[in-house]
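Single-letter residue listing:
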Amino acid sequence: MESLFTTESYVKTLDRIDALTPSQKPQWGKMTVSQMLAHCQKPLEIALYNKDFGLKSNFLIRAFFKKAMYDDSSFRKNMPTPKRFKVSEPKDFSTEKAALKELIEAFHQLIPNAHLEPHPVFGKLTTEQWGKMQYKHLDHHLNQFGV
């Protein structure tokens, strides 16, 4: 499983984002490319700024979904998006692309052994788990737009 903490995965992710165009259409789902760029910022903001977006956890979520967030399997297409992560309003492509790239850079620059606060849904994660989870989410949505 790749991690946003490795230089290779970090560079590859930024290159894939740079390959996006404002008119790119999704291969599945309802978001526009600009909305997807805005959506992808939210998990990074959780890690970097300890934002919780009003998300709540419970035993079942932690027991059944936590490991799936950072294991080698891919997220399935058309997975439900948490209500707080849905982006339905129009977004500016250039603004959202720049903001996402800044967050990715800030996340990648974290010291690999940095203390990250527990995730509001999945609880305590290791730095390795955080890096894999962030990469997996970005990879899912970049695949959604064919890059």
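To start, this report covers the structure provided alongside it. Keep in mind that what you see is a predicted model, and the values were worked out from it rather than measured. (Residues numbered from 1 in each chain as written. Predicted model: local features only at pLDDT ≥ 70, side-chain atom pairs only at ≥ 80, totals over all residues. Heavy atoms only, no water.)

1. Let's talk about the side chain of Gln-129
- Within the secondary structure, Gln-129 is located in helix H6 (residues 127-144).
- A residue is classified by how much of its surface remains accessible, and Gln-129, at 16% relative accessible area, is buried.
- A polar atom in the side chain of Gln-129 sits 2.8 Å from the backbone nitrogen of Thr-126.
- The residues touching Gln-129, leaving out its near neighbours within four places in the chain, are Tyr-70 and Lys-124. (Helix = DSSP H or I, 4+ residues; strand = E, 2+ residues; numbered from the N terminus. Buried < 20%, exposed > 50% of the residue type's maximum accessible area, 1.4 Å probe, protein only. Polar contact = N/O pair within 3.5 Å; in protein donor to acceptor, adjacent residues only side chain to side chain. Contact = heavy atoms within 4.5 Å.)

2. Some thoughts on the nonpolar core
- Ranked by size, the top nonpolar core spans 36 residues in total, and within it Leu-20, Met-36, Leu-100, Ile-104 and Trp-130 carry the most contacts.
- When residues of this core are traced back to their parent elements, those giving at least two are helix H1 (7-18), helix H2 (33-39), helix H3 (41-49), helix H5 (93-108) and H6.
- If we skip the residues at most four places from it in the chain, Leu-100 touches Ile-17, Leu-37, Cys-40, Gln-41, Leu-44 and Leu-138. (Core = buried A, V, L, I, M, F, W, Y, C linked by side-chain atoms within 4.5 Å.)

3. A word on a positive patch on the surface
- A grouping of Lys-30, Lys-56, Lys-83, Arg-84 and Lys-86 is seen on the molecular surface, where their side chains present a positively charged patch.
- By the element assignment, Lys-30 lies in the loop between H1 and H2. (Patch = residues over 30% accessible without salt bridge, like charges linked within 9 Å, V, L, I, M, F, W, Y side chains within 5 Å. Areas by Shrake-Rupley, 256 points an atom, 1.4 Å probe, with all protein chains shown as cover. Salt bridge = Lys/Arg side-chain N within 4 Å of Asp/Glu carboxyl O. Lys, Arg positive; Asp, Glu negative; His and termini not counted. Charge placed at Lys NZ, Arg CZ, Asp CG, Glu CD.)

4. Some words on the packing of H3 against H6
- With their axes 10 Å apart at the nearest point, H3 and H6 run at an angle of 160° to one another. Classed by the angle they form, the pair H3 and H6 counts as roughly antiparallel. Judged by the twist between their axes, the crossing of H3 over H6 is left-handed. Together, Pro-43, Leu-44, Ile-46 and Ala-47 of H3 and Trp-130, Gln-134 and His-137 of H6 make up the contact between the two elements.
- Split into classes, the residues belonging to the contact of H3 with H6 amount to five nonpolar, two polar and no charged. (Axes fitted to C-alpha atoms, helices over the stretch in contact; angles between N-to-C directions. Parallel < 35°, antiparallel > 145°, perpendicular 65-115°, else oblique. Left-handed = near helix turned anticlockwise from the far one by under 90°. Nonpolar A, V, L, I, M, F, W, Y, C, P; charged D, E, K, R; others polar.)

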